[in-house]
Amino acid sequence: MITREKEKDEIWVLRKILSRPNYAVLKLLMKKSPRTTRELYTLLGKKFTRKTLIITLRDLSIDLNVLQPTHIRTERGYGLGYNINPKLKEIIKSVEKFEHTIEELTKN
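Residues numbered from 1 in each chain as written. Predicted model: local features only at pLDDT ≥ 70, side-chain atom pairs only at ≥ 80, totals over all residues. Heavy atoms only, no water.

Peer 1: Help me out: how do you make sense of the sheet that holds strand 1 (residues 35-36) in this one?
Peer 2: Strand pairing in a sheet relies on backbone hydrogen bonds. The paired strands run either parallel or antiparallel. As summarised here, the arrangement of the three strands in space is 1-3-2, forming an open sheet in which the pairing is antiparallel. Bordering the open sheet on either side are strand 1 and strand 2 (67-74), each of which pairs with just one other strand. Packing against the sheet, helix 2 (residues 20-31) makes contact with strand 1, strand 2 and strand 3 (77-84), and its axis sits at approximately 105° to strand 3. (Pairing = 2+ DSSP bridges. Helix = DSSP H or I, 4+ residues; strand = E, 2+ residues; numbered from the N terminus. Contact = heavy atoms within 4.5 Å. Axes fitted to C-alpha atoms, helices over the stretch in contact; angles between N-to-C directions.)

Peer 1: Explain helix 4 (residues 50-63) here, please?
Peer 2: Look at helix 4: 19 Å from first C-alpha to last across 14 residues, which is about the 20 Å you get at 1.5 Å a residue. Along helix 4, the positions that sit buried rather than exposed are Leu53, Thr56, Leu57, Asp59, Leu60 and Ser61. Positive backbone phi, at 55°, marks asparagine 65, one or two positions downstream of helix 4. (Expected span 1.5 Å × (residues − 1). Buried < 20%, exposed > 50% of the residue type's maximum accessible area, 1.4 Å probe, protein only.)

Peer 1: So what exactly am I meant to see when it comes to the nonpolar core here?
Peer 2: Burial of nonpolar side chains together is a common tendency in soluble globular proteins. Counting 21 residues, the largest nonpolar core has Val25, Leu26, Leu44, Leu57, Val66, Leu67 and Ile84 as the members making the most contacts within it. At the level of secondary structure, the elements contributing two or more residues to this core comprise helix 2, helix 3 (37-44), helix 4, strand 3 and helix 5 (86-107). Among the elements that take part in this core, helix 2 stands out by supplying six residues, more than any other. (Core = buried A, V, L, I, M, F, W, Y, C linked by side-chain atoms within 4.5 Å.)

Peer 1: Mind showing me how you'd approach the packing of helix 3 against helix 4 here?
Peer 2: Each pair of packed helices can be described by the angle between their axes along with the distance between the axes. Packing of helix 3 against helix 4 brings their axes to within 10 Å, and their N-to-C directions diverge by 135°. By the criterion of interaxial angle, the relationship of helix 3 to helix 4 is oblique. Read as a crossing pair, helix 3 and helix 4 show a hand that is right-handed. The residues of helix 4 that touch helix 3, namely those facing Thr37, Leu40, Tyr41 and Leu44, are Arg50, Leu53, Ile54 and Leu57. Class assignment for the residues of the contact of helix 3 with helix 4 results in six nonpolar, one polar and one charged. (Parallel < 35°, antiparallel > 145°, perpendicular 65-115°, else oblique. Left-handed = near helix turned anticlockwise from the far one by under 90°. Nonpolar A, V, L, I, M, F, W, Y, C, P; charged D, E, K, R; others polar.)

Peer 1: Is there a simple way to explain the pattern of salt bridges in this structure?
Peer 2: Opposite charge on two side chains makes pairing possible when the charged atoms of those side chains draw close. Within the structure shown, the criterion is met by six salt bridges. With a shortest N-O distance of 3.6 Å, glutamate 39 and arginine 35 are connected by a salt bridge. One salt-bridge network, in which partners are shared between bridges, spans Lys16, Arg58 and Asp59. (Salt bridge = Lys/Arg side-chain N within 4 Å of Asp/Glu carboxyl O.)

Peer 1: Help me understand unusual backbone geometry in this model?
Peer 2: One can expect most non-glycine residues to show negative phi and most peptide bonds to be in trans. Cis geometry is adopted by the peptide bond preceding proline 34, which originates at serine 33 and carries an omega value of 0°. Despite not being glycine, asparagine 65 has its phi angle at roughly 55°, a positive value. Here asparagine 65 is to be found in the loop between helix 4 and strand 2.

Geometric values such as these leave the question of function open.
The structure is reproduced here in structure tokens:
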């Protein structure tokens, strides 16, 4: 079996962060942070499979250091939740601004 190695170029990390499931998690955390894993599963469960969300949270928190795990007080005690790395919040805002600008340019 021949496996094709994915080539990593200069912006591969940005592409990985902006993939559909990763960006969906980041958008939710930009609106309200921190959120529990249960909240994320509930809100995104119709768009993505549970396995995809588990992989996404692992990639964003462990591999890319984009999310910071934190303890959140819940009705049942403490649960695991996630915050966005403060350095990345500005980048996400910039990406949304660039998206809006590009949409405006393509409409003309």
